[in-house]
Structure formats: structure tokens, C-alpha cells
Amino acid sequence: MGQWETIVVKVLFICMGNICRSPTAEGVFRSIVKDAGLSDEIKIDSVGTGSWHVGDPPDRRSQEAAARRGIDISHQRSRQISQDDIVEFDYLVAMDRSNIDNLDHLVPADMTQKISLFLEFAPRLNHSDVPDPYYGGPTGFDVVLDLIEEASKGLLAHIRKIDL
């Protein structure tokens, strides 16, 4: 049996460089999915729309913030979104509106229903974008984690309702 033969749903998290927000989302969502016993049914990955950091590990500050919450993202490596990703993944989850704009130029018109803004899955937060913590202070990474944890719970609830 192949590695993904039991996979029902494929989720791809997307930010600009794939070193802060999307790898954090991948790690948090993977942890939540594992705790729910659904690791064999949901494939999770992350990418950037830009190529600046391809092959790099997540930002040290992202790794440290995630580790403080028991999540190890150190093994991840940045990669840029590909046309294969667009076809393969069911959910193209963007961290902010600028990534939505980037995806609008990459995703064929008949696949745009796959695109969503991550914080749409956490409407009670009253935020639309997960802010980029790269140029901010150290607390920005914890704020990002808080938003991502909440949206991850909402995304999993949505997937359970719609796809599983």
C-alpha cells in the first residue's frame, strides 16, 4: 500500500517565502490532525509563492515559538508552489490577501474554489490575514501561533463536516 493511499483530503498552506507562517500552519495543523487520529486521512504540506528561501528551514524564531508549544517544524524545508500542487491539493489555504492575489494569477479558473483565506476558518477572531512576523518583534511569532491554532481547529471542523 502506498504512502498516501488512505488519504481523503489534501491541505496546502501558502505564504510568501514558506519560512514563517505556512510552515507553522503545517506543523500546528499536523499536530491537531494527529491528535484527532486523522493523520492517515489528511495530507498536509506548505509552500511559498516566492522562491527566495527554497531549501531553507523555517525561520529560527518560528521554530522556537512552535517548539515552546511542543511542535517541531525544524525538519521542514521551504519550497515554491507548483502547478502539480495546484492540481493535487484540495485546499489551497493562503495566509493573507496578498497570497490570495498571487494564487489568483497561478490557479486556473476552474480550480479557484480550492482557494481560501486561512482565517476564514476562525471568524470569531475578526481578522482576515495572518500577519507576517518576519520583520516584527519576537511576540509576533506567538501572535501568529495563536491565530493559526484557532484557524486550524476551524479548518479541521470544516473538513470533518464536508469531506470526512
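Nothing here was measured: the structure is a model prediction, and the numbers come from that model. (Residues numbered from 1 in each chain as written. Predicted model: local features only at pLDDT ≥ 70, side-chain atom pairs only at ≥ 80, totals over all residues. Heavy atoms only, no water.)

Asks: Explain the overall build of the protein chain here, please?
Replies: The helix and strand inventory of the protein chain stands at five helices and four strands. The N-to-C order of helical and strand elements in the protein chain reads β-α-β-α-α-β-α-β-α. For the protein chain, whose C-alpha radius of gyration is 15 Å, the value lies close to the compact-globule estimate of 15 Å for 164 residues. Summarising its shape, the C-alpha atoms of the protein chain cover approximately 40 × 35 × 35 Å along the three principal directions. Looking at the protein chain as a whole, 46% of its 164 residues qualify as buried. (Helix = DSSP H or I, 4+ residues; strand = E, 2+ residues; numbered from the N terminus. Rg over C-alpha atoms; globule rule 2.2 N^0.38 Å. Buried < 20%, exposed > 50% of the residue type's maximum accessible area, 1.4 Å probe, protein only.)

Asks: Looking at this model, I keep getting lost on helix α2 (residues 60-68). Mind explaining?
Replies: One turn of the α-helix equals 3.6 residues, which is why residues spaced by three or four share an orientation. Ser-62, Ala-65 and Ala-66 are the residues of α2 that are buried. Buried residues of α2, seen end-on, are gathered within an arc of 95° and therefore sit on one face of the element. Opposite the buried face of α2, by more than 90 degrees, sit the exposed residues Arg-60 and Arg-68. A distance of 2.7 Å separates the backbone nitrogen of Arg-61 from a side-chain oxygen at the start of α2, and that oxygen is part of Asp-59. In the segment just after α2, Gly-70 is the residue with positive phi, at about 80°. (Arc of directions from axis to C-beta. Polar contact = N/O pair within 3.5 Å; in protein donor to acceptor, adjacent residues only side chain to side chain.)

Asks: How do you make sense of unusual backbone geometry when you look at a structure like this?
Replies: Most peptide bonds take the trans configuration, and most residues that are not glycine carry a negative phi. One non-glycine residue, Asn-18, adopts positive backbone phi at about 60°. Position of Asn-18 among the secondary structure elements: in the loop between β1 (9-15) and α1 (21-35). For Asn-18, a relative accessible area of 3% translates into the label buried. In this model, Asn-126 sits at a positive phi of 55°, which is unusual for a non-glycine residue. Looking at where Asn-126 falls in the secondary structure, it is placed in the loop between β4 (115-117) and α5 (139-162).

Asks: Is there a simple way to think about empty space enclosed by the protein in this case?
Replies: Here the structure, examined in full by the defined rule, presents one cavity of 30 Å³ or more. Within this model, the largest cavity holds a volume of roughly 40 Å³. Together, Cys-20, Arg-21, Thr-24, Ser-62, Ala-65, Ala-66, Pro-133, Phe-141, Val-144 and Leu-145 line the largest cavity. Secondary-structure elements contributing two or more residues to the lining of the largest cavity are α1, α2 and α5. Along the lines of polarity and charge, the residues of the lining of the largest cavity split into seven nonpolar, two polar and one charged. (1 Å grid on protein atoms, 1.4 Å probe; cavity = no way out; pocket = protein on both sides within 12 Å on 5 of 7 lines; lining within 4 Å. Points joined across faces, edges and corners; volume = space filled by probe spheres on them. Nonpolar A, V, L, I, M, F, W, Y, C, P; charged D, E, K, R; others polar.)

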